Amino acid sequence: MKTLHLKETDEDFDRGAEIIRDGGLVAFPTETVYGLGADALNPDAVLKIYKVKGRPADNPSIVHIADYEDIRELAAEVTEDMEILMKTFWPGPMTMIVPAKEVIPKVTTGGLDTVGIRMPRGASCRELVRRSGCPIAAPSANISGKPSPTEAQHVIDDFEGKIEAVIDGGPCQVGIESTVIDMTGSIPMILRPGILTRADFERALGKRILLDPTLNRKPDPEKAEHFRPKAPGQKYRHYAPKAPMIIFEGKDPEQVRGAMDAERLEREQLGQNVCVIDYEPGEERKAAKHFFARLREADREGVDVILAAALPENGVGFSVMNRMLKSAGFNIRKVD
Ligand code: TXA
Ligand code: MG
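Residues numbered from 1 in each chain as written. Chains lettered and ligands numbered in written order. Predicted model: local features only at pLDDT ≥ 70, side-chain atom pairs only at ≥ 80, totals over all residues. Heavy atoms only, no water.

Asker: Which residues make up the overall build of the protein, and what are the values?
Answerer: On a plain count of helices and strands, the protein comes out with 11 helices and 15 strands. Relative to a compact globule of 336 residues, whose C-alpha radius of gyration would be 20 Å, the protein shows 20 Å and is just as compact. With the principal axes as the frame, the protein shows a C-alpha extent of 60 × 50 × 35 Å. Within the protein, the fraction of its 336 residues that count as buried is 54%. Partitioning the intrachain contacts of the protein with sequence separation of at least 6 by distance along the chain shows that 69% fall at a separation of at least 24. (Helix = DSSP H or I, 4+ residues; strand = E, 2+ residues; numbered from the N terminus. Rg over C-alpha atoms; globule rule 2.2 N^0.38 Å. Buried < 20%, exposed > 50% of the residue type's maximum accessible area, 1.4 Å probe, protein only. Contact = heavy atoms within 4.5 Å.)

Rendered as structure tokens:
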């Protein structure tokens, strides 16, 4: 198969939409990361995404929409809280888990009776939805387990010759995936942290919400069912660079930098190629934007090890640390 390289033009949106309508796969940029899309209501098309990504069948895909009203075709119920969040954060980096209507095939929802819905910012996805007339199921456009793609080249590296088309819209502005918030319980719960934080949701809703208590904790196979992550995707190994990665964490930033520097020098003297990822408190958004790209760059350069400084785990720092901890397989060096 020849993968078409498309741009964000009228003509190319039409070509992309035609591919989606015909049951093919089109990768596209969003403000968070690139998605790999198919007609969400066509089970054969969605199955192709799982095949080409190597994605476990029980990991549901997010369904992307173009306009607020589109949610009514997909959600069995739209509550007042959902309305508030839609109006406040869409189009934007928020995915709401809601009760699913029967029209959504089980391959799309990973067999669940709920569905994650998102209306992204930016032209590509919404144009594809509008022009194809289908909601679009799209996980991140990376081979399962690899870092998420934040540039068209990352998608090409993983899927050239394996998907019908990729739309190049330049680098993604946010750089980490959307915040996933479960609206099906009595109290909303964040299942995957993102650039929109718990504080943002609490301000919008005027009440406390929950964070999945398993987030940013090392997975424990011994633990009972209710200690397992609620979003199926959170339980898989993720975002893994080829090189081993060590996170340096401690109360005193200078001591942490000192320990990282010492480790780097020691390894360089042994002839190793070392990648250092060092964002400081206050640079959380910048860290989010560039983190996945740095991991892919390290892979390309064939580095021997990645040394990363931990960020304070609050606000966006918590969300970046969610990715960093997984990338490193929870390999933490305490510096005290
Ligand atoms: O920013 C994003 O969300 C990007 C862009 C393309 O929209 N998409 C993305 O999709 O990150 P993916 O498939 O890589 O991650 C979706 C996450 C997974 O952790 C999945 O388990 C969870 O959302 N999820 C989806 N539907 C769910 C549901 N019904 N219940 C619980 N978790 C769900
Ligand atoms: Mg993903």
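Asker: Account for the site of ligand 1, with residues named and values stated.
Answerer: Neighbouring residues of ligand 1: 25 residues in total, closest Thr32, Asn59, His64, Ser178 and Gly233. Pro232 places a main-chain nitrogen or oxygen 3.5 Å from an oxygen atom of ligand 1. In isolation ligand 1 exposes 680 Å². Once the protein is present, 96% of that is buried. At the level of secondary structure, the elements contributing two or more residues to the shell around ligand 1 comprise strand E4 (62-64), strand E6 (114-118) and strand E10 (189-192). Ranked by the residues each element gives to the shell around ligand 1, the list is headed by E6, at four residues. Of the residues that constitute the shell around ligand 1, the class distribution is 12 nonpolar, nine polar and four charged. (Near = heavy atom within 4 Å. Polar contact = N/O pair within 3.5 Å; in protein donor to acceptor, adjacent residues only side chain to side chain. Areas by Shrake-Rupley, 256 points an atom, 1.4 Å probe, with all protein chains shown as cover. Nonpolar A, V, L, I, M, F, W, Y, C, P; charged D, E, K, R; others polar.)

Asker: Residues and numbers for the UniProt feature "binding site: ATP" (unreviewed entry) in the protein, please.
Answerer: The feature "binding site: ATP" (unreviewed entry), as annotated in UniProt, sits at Arg55, Asn59, Thr114, Arg118, Ser140, Ser148, Arg192 and Tyr239 in this numbering. The annotated residues occupy 185 residues of the chain and do not converge on a single region, their most distant C-alpha atoms lying 25.1 Å apart. With respect to the helices and strands, the residue Arg55 is situated in the loop between helix H2 (43-53) and E4. Those residues in contact with Arg55, other than ones at most four positions away along the chain, are Tyr50, Pro60, Ser61, Pro139 and Ser144. For Thr114, the position within the fold is in strand E6. When sequence neighbours within four positions are dropped, the list of residues in contact with Thr114 reads Ile97, Val98, Pro99, Ala100, Thr109 and Thr184. (UniProt positions renumbered as here; feature names shortened; annotations may be inferred.)

Asker: Explain the sheet that holds strand E15 (residues 332-334) to me, using residue names and the numbers behind them.
Answerer: Strand order in the open sheet formed by four strands is E13-E14-E12-E15, with parallel pairing between adjacent strands. Two strands lie at the open edges of the sheet, namely strand E13 (274-277) and E15, each paired on one side alone. Direction aside, neighbouring strands of the sheet carry axes that sit 25° apart on average. Two strands pair when backbone bridges link them, and strand E12 (residues 245-249) and E15 are joined in this way by three bridges, in the parallel orientation. The residue bridging Glu249 from the neighbouring strand is Lys334, located in E15. Strand contacts of helix H11 (residues 316-327): E12, strand E14 (305-309) and E15, with the helix running at about 135° to E12, the strand carrying the most contacts. (Pairing = 2+ DSSP bridges. Axes fitted to C-alpha atoms, helices over the stretch in contact; angles between N-to-C directions.)

Asker: I'd like a rundown of unusual backbone geometry, residues and numbers included.
Answerer: Residue Pro91 is reached from Trp90 by a cis peptide bond, and omega for that bond is -10°. Of note, Pro91 is situated in the loop between helix H4 (80-89) and strand E5 (94-99). Phi at Phe330 takes a positive value of approximately 60°, unusual for a residue other than glycine.

Asker: Quick one: what's the story with the pairing of E10, residue by residue and with numbers?
Answerer: Where strand E9 (residues 179-182) meets E10, three bridges bridge the pair, whose relative direction is antiparallel. Bridge pairing links Val180 to Arg192 in E10. The antiparallel hairpin formed by E9 and E10 contains six residues in its connecting segment. Inspection of the sheet shows E10 paired to strand E11 (residues 210-211) by two bridges, in the parallel sense. Paired with Ile190 across the bridge in E11 is Leu211. Running through helix H8 (residues 198-205), the crossover from E10 to the neighbouring parallel element E11 is right-handed. (Right-handed = clockwise from strand over helix to strand, strands pointing away.)

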